[in-house]
Amino acid sequence: MARVFNFGAGPATLPEPVLEQAAAEMLDWHGTGMSVMEMSHRGKAFIGIHARAEADLRELLAVPKNYKVLFLHGGAAAQFAMVPMNLLRGRTVAAYVNSGHWSGRAIAEAKRYCKVDIAASSADANFTYAPAQERWSIDPGAAYVHYTSNETIGGVEFHWIPDTGAIPLVADASSHILSRPLDVSRFGLVYAGAQKNIGPAGVAIVIVREDLIGRASPLTPAIFDYRVQAEADSMHNTPPGYAIYLAGLVFQWLKKLGGLAKMEEVNIAKAKLVYDYLDETEFYHSPVARADRSRMNIPFTLRNGRLDEAFLKEAGGHGLAELKGHRSAGGMRASIYNAMPVAGVKALVGFMRDFERRYG
Ligand code: PMP
């Protein structure tokens, strides 16, 4: 079967040149006679792969020197726990912005470790917008402020970085990291699961300011302690080596394409293709406030929900896969991460128009 355009939210489509390179290197990585999967993580070859991945990520995001970059197990969900375990630093309150499903999950986990102060929420409008900074009210005793900078299910993206003064800002950037340049210096910590815009599942990236680590709560398991992992170059135990290798190939691919400023340009153009059409038609509907629409995850509904099944089936027939919305949201969702080519987005909009013409 030919490759499809995969609009899945994660695991998600990966750049074809990356998959081709990985295939070419599968049995024999650079004359070592073995696959990256088979290498010792302590060997020279893998240490080189890991170091290059970190250096390229640092270059792409212009990560300042006083930040550690970690590649960790456990996906983004492990960070829901690791952030309070490491960053409470003796305090008992952390502030969270509740902007939808994933911030809700982060909040539920944090409540196991501390009192959660809800600094802002968009629950009043079913999580269809990003609460404006003027409406935030942060407990001055909070150890940090956490927000989900792109809600993967709701399709709500913060297009601005909150100002939390001296209180460290923590972002779950899982579903839009690397889609645009990011001023890392504005954050205490940024984390992201890989399986959307970075690489395969199995690794999460944590970028953390050095002065915030080293005071994990006493019961923190060693592999969940940022300082332990930072001192061990993310290798306190066997790292998810193949996922790190593939992430590294994605970083090289991004650099070759011109880096994150270029990606942002392309991502704005791709999202515009879809939203312009959603704005002109009555047949489909986008629930998200215009100013806060995500460039990466575009949820939409058919006004006539009885056509959902036909829409998905015919889309599949046209090589447009994984458009079904999250089970908690219903409707449709098109995830158009960095690796989704413009041609895929054009094919989607073309199909949507044609479907409307035939059923509208
Ligand atoms: N945060 C966000 C914003 C997500 O989209 C996801 C996964 N869809 C997660 C956290 C959880 O990621 P993981 O499955 O890697 O733990």
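Residues numbered from 1 in each chain as written. Predicted model: local features only at pLDDT ≥ 70, side-chain atom pairs only at ≥ 80, totals over all residues. Heavy atoms only, no water.

Before going further, it helps to examine the sheet that holds strand S11 (residues 284–285). Read from one edge to the other, the open sheet built from three strands follows the order S11-S12-S14, with strand pairing classed as antiparallel. Each edge of the open sheet carries a strand with a single partner, namely S11 and strand S14 (332–335). Alignment of S11 against strand S12 (residues 297–302), held across two bridges, turns out to be antiparallel. Bridge pairing in S12 places Tyr 284 opposite Leu 302. Contacts from helix H7 (residues 259–280) reach S11 and S12 within the one sheet, and its direction differs from that of S12 by about 25°. (Pairing = 2+ DSSP bridges. Helix = DSSP H or I, 4+ residues; strand = E, 2+ residues; numbered from the N terminus. Contact = heavy atoms within 4.5 Å. Axes fitted to C-alpha atoms, helices over the stretch in contact; angles between N-to-C directions.)

Glancing now at the site of the ligand. Around the ligand sit Gly 75, Ala 76, Ala 77, Phe 80, Trp 102, Thr 148, Asn 150, Thr 152, Asp 172, Ser 174, Gln 195 and Lys 196, and those are all the residues in its vicinity. Within the side chain of Thr 152, a nitrogen or oxygen atom sits 2.4 Å from an oxygen atom of the ligand. One of the side-chain N or O atoms of Lys 196 is found 2.8 Å from a nitrogen atom in the ligand. Considering only residue class, the shell around the ligand consists of four nonpolar, six polar and two charged. (Near = heavy atom within 4 Å. Polar contact = N/O pair within 3.5 Å; in protein donor to acceptor, adjacent residues only side chain to side chain. Nonpolar A, V, L, I, M, F, W, Y, C, P; charged D, E, K, R; others polar.)

Our focus in this paragraph is the pattern of salt bridges. Side-chain pairs of opposite charge can arise where the charged atoms are in close proximity. In this structure the tally under the stated criterion is 19 salt bridges. Put simply, Glu 264 and Arg 295 hold a salt bridge, and the shortest N to O gap is 2.9 Å. Taken together, the positions of Glu 264 in helix H7 and Arg 295 in the loop between S11 and S12 put the pair 31 residues apart, joining distant regions of the chain. Here Arg 295 falls in the buried class, since its relative accessible area comes to 16%. Salt bridges here are not isolated pairs; linked through shared partners, they connect Arg 52, Asp 56, Glu 59 and Lys 255. (Salt bridge = Lys/Arg side-chain N within 4 Å of Asp/Glu carboxyl O. Buried < 20%, exposed > 50% of the residue type's maximum accessible area, 1.4 Å probe, protein only.)

Another aspect to go through is the nonpolar core. One finds Leu 61, Phe 71, Leu 178, Ile 198, Tyr 245 and Phe 251 to be the most contacted residues of the largest nonpolar core, which totals 57 residues. In terms of residues, this core owes the most to one element, helix H6 (residues 241–257), which gives eleven residues. Built from parts of two domains, this core gets at least three residues from each of domain 1 (17–256) and domain 2 (258–359). Not counting residues within four places of it along the chain, the set of residues in contact with Tyr 245 comprises Gln 21, Ala 22, Glu 25, Trp 29, Val 36 and Ile 49. One finds Leu 72, Cys 114, Val 116 and Leu 212 within the second-largest nonpolar core, a separate group that totals 29 residues. (Core = buried A, V, L, I, M, F, W, Y, C linked by side-chain atoms within 4.5 Å. Domains from an automatic or database assignment.)

Let us look at the side chain of Asp 225. Summarising the element assignment, Asp 225 is placed in the loop between strand S10 (204–209) and helix H5 (226–231). For the buried Asp 225, no salt bridge is present, and the opposite-charge side chain at shortest range is Arg 227, 5.2 Å distant. Among the polar contacts made by the side chain of Asp 225, one reaches the main-chain amide nitrogen of Arg 227 at a distance of 2.8 Å. Residues contacting Asp 225, with those up to four places away along its chain left out, are Asn 86, Ala 216 and Thr 220. (Lys, Arg positive; Asp, Glu negative; His and termini not counted.)

On to the domain arrangement of the protein chain. Domain annotation for the protein chain reports domain 1 (17–256) and domain 2 (258–359). The centre of domain 1, based on its C-alpha atoms, is set 27 Å off from the matching centre of domain 2. Counting from both sides, the interface comprises 26 residues of domain 1 and, opposite them, 25 residues of domain 2. Applying the counting criterion to the domain 1 and domain 2 interface returns zero salt bridges. Linking domain 1 with domain 2 are 16 residue pairs in polar contact (both at pLDDT 80 or more).

Before going further, it helps to examine the packing of helix H2 (residues 44–61) against H6. Remark: H2 packs on H6, axes separated minimally by 9 Å, with the N-to-C direction vectors making an angle of 40°. When the axes of H2 and H6 are compared, the pair comes out oblique. Considering only the axes of H2 and H6, their crossing is left-handed. Where H2 abuts H6, its residues Phe 46, Ile 49, His 50, Arg 52, Ala 53, Asp 56, Leu 57, Glu 59 and Leu 60 lie against Gly 241, Ile 244, Tyr 245, Gly 248, Phe 251, Gln 252, Leu 254 and Lys 255. Residue composition of the contact of H2 with H6, by class: nine nonpolar, four polar and four charged. (Parallel < 35°, antiparallel > 145°, perpendicular 65-115°, else oblique. Left-handed = near helix turned anticlockwise from the far one by under 90°.)

Here the focus is the environment of Arg 89. In this structure, Arg 89 sits in the loop between helix H3 (75–87) and strand S3 (93–98). Sequence separation between Arg 89 and Val 228 is 139 residues; the distance between their C-alpha atoms is 15 Å. The contacts of Arg 89, once residues within four sequence positions are left out, are Ala 143, Pro 168, Leu 212 and Arg 215. Here the side chain of Arg 89 touches Leu 87 through a polar contact of 2.8 Å, landing on its backbone oxygen. At 2.9 Å, the side chain of Arg 89 forms a polar contact with the backbone oxygen of Ala 143.

Side chains of Met 26, Leu 27 and Met 37 sit close together on the surface and give an oily, nonpolar patch of about 330 Å² of accessible area. By relative accessible area, Met 26 is classed as partly exposed at 30%. (Patch = residues over 30% accessible without salt bridge, like charges linked within 9 Å, V, L, I, M, F, W, Y side chains within 5 Å. Areas by Shrake-Rupley, 256 points an atom, 1.4 Å probe, with all protein chains shown as cover.)

Here we take up the pairing of strand S9 (residues 189–193). The buried fraction of S9 is high, at five of five residues. Burial along S9 is two-sided: the residues Leu 189, Tyr 191 and Gly 193 and Val 190 and Ala 192 are all buried. As defined by bridge partners, strand S8 (residues 169–172) adjoins S9 across three bridges and the pair is classed as parallel. Its bridge partner lying in S9, Val 170 is registered against Leu 189. Note that S9 and S10 share five bridges and pair antiparallel. Within S10, the residue paired with Val 190 across the bridge is Ile 207.

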